[in-house]
Amino acid sequence: VFNIGKLVDFQWKLGVASASNHSSQLNTPFITVFIKVLDSNSKVTAHSFELTISEFKNFAQQFKDMSQLIESL
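Residues numbered from 1 in each chain as written. Predicted model: local features only at pLDDT ≥ 70, side-chain atom pairs only at ≥ 80, totals over all residues. Heavy atoms only, no water.

### Side note on the sheet that holds strand β2 (residues 28-38)
With antiparallel pairing, three strands are arranged side by side in an open sheet as β1-β2-β3. Each edge of the sheet is formed by a strand with only one pairing partner; in this case those strands are β1 (6-17) and β3 (44-51). For this sheet, the mean inter-axis angle between neighbouring strands, taken without regard to orientation, is 15°. Of the pairings in the sheet, the one linking β1 to β2 comprises 11 bridges and is antiparallel in character. Bridging across to β2, Lys6 finds its partner in Leu38. (Pairing = 2+ DSSP bridges. Helix = DSSP H or I, 4+ residues; strand = E, 2+ residues; numbered from the N terminus. Axes fitted to C-alpha atoms, helices over the stretch in contact; angles between N-to-C directions.)

Written out as structure tokens, the structure is:
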């Protein structure tokens with residue numbers, strides 16, 4: 001059995017990049033995901049990452065699939 005930790009918090013927010021050093025007009029939507037994981041030593045670590053809308057949809061579907069698999073066990 002893998003011990004990858006326990007997900008203790010999951011938050012996300014929608015943002016829009018309006019400009020950067022490389023482009024003055026982006027207007028690109030993105031999702032920022034914030035998670036906290038409790039490891040086997042009772043230490044909580046925080047992680048954040050950004051996804052495009054399509055990447056976030058895929059990410060959410062994978063969580064849904066994992067949930068259904070766990071419920072079927």
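### Topic: the packing of aromatic side chains
Under the defined criterion, the tally for this structure stands at six aromatic pairs. Summarising the aromatic geometry, the rings of Phe10 and Phe63 are spaced 6.0 Å apart at their centres and angled 55° between planes, so their arrangement reads as tilted. In this pair, Phe10 is assigned in strand β1 and Phe63 in helix α1 (residues 53-72), connecting sequence segments 53 residues apart. With centroids separated by 5.7 Å and ring planes inclined at 80°, the aromatic side chains of Phe49 and Phe59 adopt a geometry described as edge-to-face. Pair noted here: Phe49 is in strand β3 and Phe59 is in helix α1, with a separation of 10 residues, a long-range link. Assessed through its relative accessible area of 18%, Phe59 is described here as buried. Through a chain of ring-to-ring contacts, three or more aromatic side chains come together here, namely Phe10, Trp12, Phe49, Phe56, Phe59 and Phe63. (Phe/Tyr/Trp six-rings, centres within 6.5 Å; stacked < 30°, edge-to-face > 60°. Buried < 20%, exposed > 50% of the residue type's maximum accessible area, 1.4 Å probe, protein only.)

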